[in-house]
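Survey of secondary and tertiary structure
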Amino acid sequence: DTAVSQTPKYLVTQMGNDKSIKCEQNLGHDTMYWYKQDSKKFLKIMFSYNNKELIINETVPNRFSPKSPDKAHLNLHINSLELGDSAVYFCASSPRAGGPLETQYFGPGTRLLVL
Amino acid sequence: QKEVEQNSGPLSVPEGAIASLNCTYSDRGSQSFFWYRQYSGKSPELIMFIYSNGDKEDGRFTAQLNKASQYVSLLIRDSQPSDSATYLCAVNTQNTPLVFGKGTRLSVIA
């Protein structure tokens, strides 16, 4: 059974389009995250939700909007896609935020290419 | 701004040798320290975490923490070619999220 799953795995789209990435975890964790990993492989946090509440919102363009319908799901919607949005987007979850229980488990990633 | 610094590498070691990966962090209040491994094209996977000063061993891996020097390291004994990957250090406090370093690329040469 996949612990943290993301769909789609690959996403190729044109500039200006709107797209969504979905994430689900079946670990019973309280906290979920979205990360962006660019071509230089730097893993940068974008958002974090704890029990459906937004707890981290890093400096991310407001074209990116996360939504957590329940604590097992965290989706990412991106409006007006730009070339610089091309990256791998990872979803992750942890039992809780902060401390040693923030052991994060990552999904397989969504490779987004904006043309 | 909390920072986690790692040498980007590549760090090349011969098969069977000990690989030593290092990480320094800026926030003296940091409490938990994690090592992740990421193979090319894959997602990061947890190797181990440590939160007390000293050494913590798990199989061929040993994490070492020195809070006074704000330094955490990962030793890989008997390195194998399958250990070739990027190793990410991550640090947090009780109330703040993980901050990842940029990773060290390890290459184990057969």
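About the criteria used
- Residues numbered from 1 in each chain as written.
- Chains lettered and ligands numbered in written order.
- Predicted model: local features only at pLDDT ≥ 70, side-chain atom pairs only at ≥ 80, totals over all residues.
- Heavy atoms only, no water.
- Salt bridge = Lys/Arg side-chain N within 4 Å of Asp/Glu carboxyl O.
- Helix = DSSP H or I, 4+ residues; strand = E, 2+ residues; numbered from the N terminus.
- Buried < 20%, exposed > 50% of the residue type's maximum accessible area, 1.4 Å probe, protein only.
- Contact = heavy atoms within 4.5 Å.
- Polar contact = N/O pair within 3.5 Å; in protein donor to acceptor, adjacent residues only side chain to side chain.
- Buried area = accessible area lost by both parts, 1.4 Å probe.
- Nonpolar A, V, L, I, M, F, W, Y, C, P; charged D, E, K, R; others polar.

1. Side note on the pattern of salt bridges
- Throughout the structure, instances matching the rule amount to 6 salt bridges over all chains.
- Here Asp85 of chain A and Arg63 of chain A are joined by a salt bridge, their closest N and O atoms 2.8 Å apart. With Asp85 of chain A in the loop between β8 (73-78) and β9 (87-94) and Arg63 of chain A in the loop between β6 (53-57) and β7 (64-70), this pair connects stretches of sequence that are 22 residues apart. Each of the two residues, Asp85 of chain A as well as Arg63 of chain A, counts as buried.
- Linking Arg60 of chain B and Asp83 of chain B is a salt bridge whose minimum nitrogen-to-oxygen distance equals 2.9 Å. In this pair, Arg60 of chain B is assigned in the loop between β6 (54-58) and β7 (61-66) and Asp83 of chain B in the loop between β8 (71-76) and β9 (85-92), connecting sequence segments 23 residues apart.
- The class of Arg60 of chain B is partly exposed, set by a relative accessible area of 27%.
- Salt bridges linked by common partners bring Arg63, Glu82 and Asp85 of chain A together as one network.

2. A few points about the environment of Gly107 of chain A
- Inspection of the secondary structure assignment puts Gly107 of chain A in the loop between β10 (105-106) and β11 (110-114).
- Along the primary structure Gly107 of chain A and Val4 of chain A are separated by 103 residues, whereas in three dimensions their C-alpha atoms are 4.7 Å apart.
- Each residue touching Gly107 of chain A, except ones within four places of it in the same chain, is listed here: Val4, Gln6, Phe90 and Cys91 of chain A together with Ser43 of chain B.

3. As for the side chain of Gln6 of chain B
Residue and element names in this part refer to chain B.
- For Gln6, the position within the fold is in the loop between β1 (4-5) and β2 (11-14).
- Owing to a relative accessible area of 12%, Gln6 belongs among the buried residues under this scheme.
- Among the polar contacts listed, one links the side chain of Gln6 to the backbone nitrogen of Cys89, at a separation of 2.9 Å.
- The residues contacting Gln6, other than those within four sequence positions of it, are Asn22, Cys23, Trp35, Tyr87, Leu88, Cys89, Gly101, Lys102, Gly103 and Thr104.

4. A word on unusual backbone geometry
- In this model, Thr7 of chain A is joined to Pro8 of chain A through a cis peptide bond whose omega is -5°.
- Pro10 of chain B follows Gly9 of chain B through a cis peptide bond whose omega is 15°.
- Checked against the element boundaries, Pro10 of chain B lands in the loop between β1 and β2.
- The backbone of Ser80 of chain A sits at a positive phi, close to 45°, despite the residue not being glycine.
- Residue classification places Ser80 of chain A among the partly exposed residues on the basis of a relative accessible area of 37%.

5. Notes on the interface of chain A and chain B
- In this assembly, 20 residues from chain A lie in contact with 21 residues from chain B.
- Between chain A and chain B, the buried area comes to about 1,600 Å², and carbon and sulfur atoms account for 57% of it.
- On the surface where chain A and chain B come into contact, there are 0 salt bridges.
- Our count for the chain A to chain B interface comes out at 4 residue pairs in polar contact (both at pLDDT 80 or more).
- Elements supplying a minimum of two residues to the side of chain A that touches chain B: β4 (31-37) and β5 (43-50) of chain A.
- Grouping the amino acids of the side of chain A that touches chain B by side-chain chemistry returns 10 nonpolar, 6 polar and 4 charged.

No statement about biological role is implied by the geometric values presented.
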